[in-house]
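# Coordinates in review
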Amino acid sequence: MFLTVAFVPTKPEAQAGTKSWDKALLAVILPAMVAVLPVAALDAGRFHWSAVPAWVLLSGYVD
């Protein structure tokens, strides 16, 4: 549960040798990952944008 300073990155910057397509992919993926929770909260709590049948929701819990 507790992180030491060694596990926390100090500066999120690309390493030497990082390819340009990796940087472009990272520029798309990181904002998308950050946006998932607020968009999901707005959908579930206020706006109800998605209409998912109950059987689809329940199938997500079956492992």
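An account of the accompanying structure is given in this report. (Residues numbered from 1 in each chain as written. Predicted model: local features only at pLDDT ≥ 70, side-chain atom pairs only at ≥ 80, totals over all residues. Heavy atoms only, no water.)

### A look at the overall build of the protein
Looking only at helices and strands, one finds two helices and zero strands in the protein. Looking at the protein as a whole, 2% of its 63 residues qualify as buried. Counting every atom, the protein has about 6300 Å² of accessible surface; 71% of that belongs to carbon and sulfur. (Helix = DSSP H or I, 4+ residues; strand = E, 2+ residues; numbered from the N terminus. Buried < 20%, exposed > 50% of the residue type's maximum accessible area, 1.4 Å probe, protein only. Areas by Shrake-Rupley, 256 points an atom, 1.4 Å probe, with all protein chains shown as cover.)

### Points about unusual backbone geometry
Not every positive phi belongs to a glycine, and His-48 is a case in point at roughly 50°. Relative to the elements of secondary structure, His-48 occurs in the loop between helix H1 (20-47) and helix H2 (54-61).

### Here we look at the side chain of Asp-43
Considering the arrangement of structural elements, one finds Asp-43 in helix H1. Although buried, Asp-43 forms no salt bridge, and the nearest oppositely charged side chain, Arg-46, lies 11 Å from it. Once residues lying within four places of it in the same chain are set aside, the contact partners of Asp-43 are His-48, Trp-49 and Ser-50. (Lys, Arg positive; Asp, Glu negative; His and termini not counted. Salt bridge = Lys/Arg side-chain N within 4 Å of Asp/Glu carboxyl O. Contact = heavy atoms within 4.5 Å.)

### Quick notes on a nonpolar patch on the surface
Taken together, the side chains of Trp-21, Leu-25, Leu-26, Val-28, Ile-29, Leu-30 and Met-33 present a nonpolar region at the surface, about 720 Å² in accessible area. Looking at where Leu-30 falls in the secondary structure, it is placed in helix H1. In this structure Leu-30 comes out as partly exposed when scored by relative accessible area, which is 43%. (Patch = residues over 30% accessible without salt bridge, like charges linked within 9 Å, V, L, I, M, F, W, Y side chains within 5 Å.)

### A short note on H1
Taking 1.5 Å of rise per residue, the 28 residues of H1 would be expected to cover 40 Å, and the 38 Å separating its terminal C-alpha atoms lies within 8% of that figure. The sharpest bend along H1 comes to roughly 35°, located at Val-36, with the proline Pro-38 sitting one to four residues further on. A positive backbone phi angle near 50° is found at His-48, which sits one or two residues after H1. (Expected span 1.5 Å × (residues − 1). Bend = angle between axes of the 7 residues up to and from the residue.)

### With respect to the packing of aromatic side chains
In the structure shown here, the tally under the stated rule is one aromatic pair. Summarising the aromatic geometry, the rings of Phe-47 and Trp-49 are spaced 5.1 Å apart at their centres and angled 10° between planes, so their arrangement reads as stacked. For Phe-47, a relative accessible area of 44% puts it in the partly exposed group. Using a relative accessible area of 54% as the deciding quantity, one classes Trp-49 as exposed. (Phe/Tyr/Trp six-rings, centres within 6.5 Å; stacked < 30°, edge-to-face > 60°.)

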